[in-house]
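# Descriptive analysis of the structure
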Amino acid sequence: MTLLLADEVRDAMAHGRPVVALESTIIAHGLPRPRNLEVARELEQLVRDGGAVPATVAVLDGRVHVGLDEAELERVAGDEKMRKLGHRDLAPAIAEGASGATTVSGTGFLASKVGIRVFATGGLGGVHRGWTQTQDESADLRMLASTRITVVCAGAKSVLDVPATLQRLETLGVTVIGYGTDAFPGFYLTSSGEPVDWTAHDARTVVGAMRAQESLGGPCTALVVANPVPQEQQLDPELHDRVLAEALAACERDRVTGQDVTPYLLDHLVRHTDGAALEANVAAVRGNARLAARIAAVWTATAH
Ligand code: PSU
Ligand code: MN
């Protein structure tokens with residue numbers, strides 16, 4: 001297997017400087033072209049502005065990349081044939097020389113493998129509505145249950161069954177901390193209406209929990225930092241609920257299953273809200289990239 005660590009990322013890691021992993025599925029399958037490339041670049045810049053080195057993860061021609069150059073980022077954003085790679089897809093993709101964007105499960109696994117401790121995304125995958133019939137539960141949850149990484153996200157995607165997702169996170173032993181909130185964020189919405197048990201008000205407290213996880217030992221579980229989209233930038237909740245109901249119905253009608261469900265629902269929301277869902281999604285990821293950089297900076301500054 002070829003694992004290509006970008007020079008800049010390797011350098012930062014070697015010198016104990018902050019690094020933030022970014023996923024690529026949100027770029028290739030979660031946001032419409034050509035805006036997706038703009039957002040990919042912007043997220044990397046936000047991480048840099050926060051004093052950390054961005055490491056966007058993807059698989060290109062069967063080679064694992066941790067940290068992409070401009071041409072590689074353009075390829076991930078522009079190539080319509082990019083596959084969607086969860087953790088379980090990495091092995092066949094490598095074997096076949098395939099190219100694909102990595103999901104939270106694929107990215108978290110690879111980032112942690114090279115020693116990156118902080119990862120920013122939009123919304124986590126989780127338990128889908130109708131899960132009692134479909135058994136559709138994102139592989140993101142399994143990665144979170146078995147990887148020592150801190151994932152900064154705006155909660156779980158609101159297209160999911162959020163209470164069931166929170167319940168699974170509890171069962172799997174994944175620590176969830178609300179950032180400046182005692183409500184679990186609702187991805188496009190500031191709040192999902194569900195409570196969280198723990199709240200942190202600064203990056204230092206988050207890093208304190210990361211250090212405590214390390215000293216406690218035990219199963220390698222993740223730390224989810226649930227960072228809400230600011231209220232002024234959230235999607236109008238009424239519009240959200242209405243369009244989401246249509247999206248779920250359309251998904252069932254079109255018999256969309258497996259990997260295609262999440263991109264289908266996100267795309268439906270963007271197209272039927274006049275782009276307002278896109279703006280809320282981008283606002284959420286921006287905030288997560290900024291916060292992840294702060295956490296990574298405190299993490300390295302307090303290492304000894
Ligand atoms: N966050 C976003 N947009 C996305 C995703 C997250 O703002 O598109 C992606 C992540 O890569 C996540 C995936 O891992 O959606 C979940 O897909 P699934 O439900 O098929 O596991
Ligand atoms: Mn799924």
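Source: prediction; values computed, not measured.

Moving on to the site of ligand 1. The environment of ligand 1 is formed by 20 residues, the closest being Thr25, Gly30, Thr103, Gly122 and Gly125. No other element matches helix α2 (residues 25–30), which puts 4 residues into the shell around ligand 1. Looking at the shell around ligand 1 residue by residue, the classes come out as 5 nonpolar, 13 polar and 2 charged.

Summarizing the sequence annotation, UniProt attributes the feature "binding site: substrate" (unreviewed entry) to Lys84, Val104, Ser138, Ala139 and Asp140 in the numbering used throughout. Spanning 57 residues, the annotated positions come together in the fold, the maximum distance between their C-alpha atoms being 13.0 Å. Checked against the element boundaries, Lys84 lands in strand β5 (residues 83–85). Take Lys84: there are 20 C-beta atoms within 10 Å of it, and that puts it in the buried class. Discounting residues that sit within four places of it in the chain, Lys84 has contacts with Thr25, His29, Gly100, Ala101, Thr103 and Gln259. With respect to the secondary-structure elements, Asp140 resides in helix α8 (residues 140–146). Setting aside its immediate chain neighbours within four residues, Asp140 contacts Thr103, Val104, Ser105, Leu124, Gly125 and Gly126.

To continue, consider the UniProt feature "binding site: Mn(2+)" (unreviewed entry) in the protein. Here, UniProt's "binding site: Mn(2+)" (unreviewed entry) annotation points to Asp136. Tracing the sequence through the fold places Asp136 in the loop between α7 (131–134) and α8. For Asp136, a count of 18 C-beta atoms within 10 Å puts it in the partly exposed group. Every residue in contact with Asp136, bar those within four places of it in the chain, is listed here: His128, Trp131 and Val261.

Side chains Val19 and Ala21 of strand β2 (residues 19–22) all project onto a buried face; the interleaved residues Val20 and Leu22 project onto the opposite face, where all are buried too. Here β2 pairs with strand β7 (residues 118–120) via 2 bridges, running parallel. By the bridge assignment for β7, Leu22 is matched with Ala120.

Topologically, His128 is positioned in the loop between β7 and α7. His128 sits 33 residues away from Asp161 along the chain, and the two C-alpha atoms are 5.2 Å apart.

Nonpolar side chains in soluble globular proteins generally cluster together in the buried interior. Val20, Ala55, Phe119, Val151, Val224, Ala292 and Ile295 are the most contacted members of the largest nonpolar core, which has 98 residues in total. Examining the composition of this core, we find that 14 residues originate from one element, helix α13 (residues 276–301), more than from any other. Residue contacts for Phe119: discarding those within four places in its chain leaves Val20, Ala21, Thr107, Gly108, Ala111, Ile149, Thr150, Val151 and Ala292.

About the thresholds
Residues numbered from 1 in each chain as written. Chains lettered and ligands numbered in written order. Predicted model: local features only at pLDDT ≥ 70, side-chain atom pairs only at ≥ 80, totals over all residues. Near = placed C-beta within 6 Å. Helix = DSSP H or I, 4+ residues; strand = E, 2+ residues; numbered from the N terminus. Nonpolar A, V, L, I, M, F, W, Y, C, P; charged D, E, K, R; others polar. UniProt positions renumbered as here; feature names shortened; annotations may be inferred. Buried ≥ 20, exposed ≤ 12 C-beta atoms within 10 Å, placed from the backbone. Contact = placed C-beta atoms within 7 Å. Pairing = 2+ DSSP bridges. Core = buried A, V, L, I, M, F, W, Y, C linked by C-beta atoms within 7 Å.

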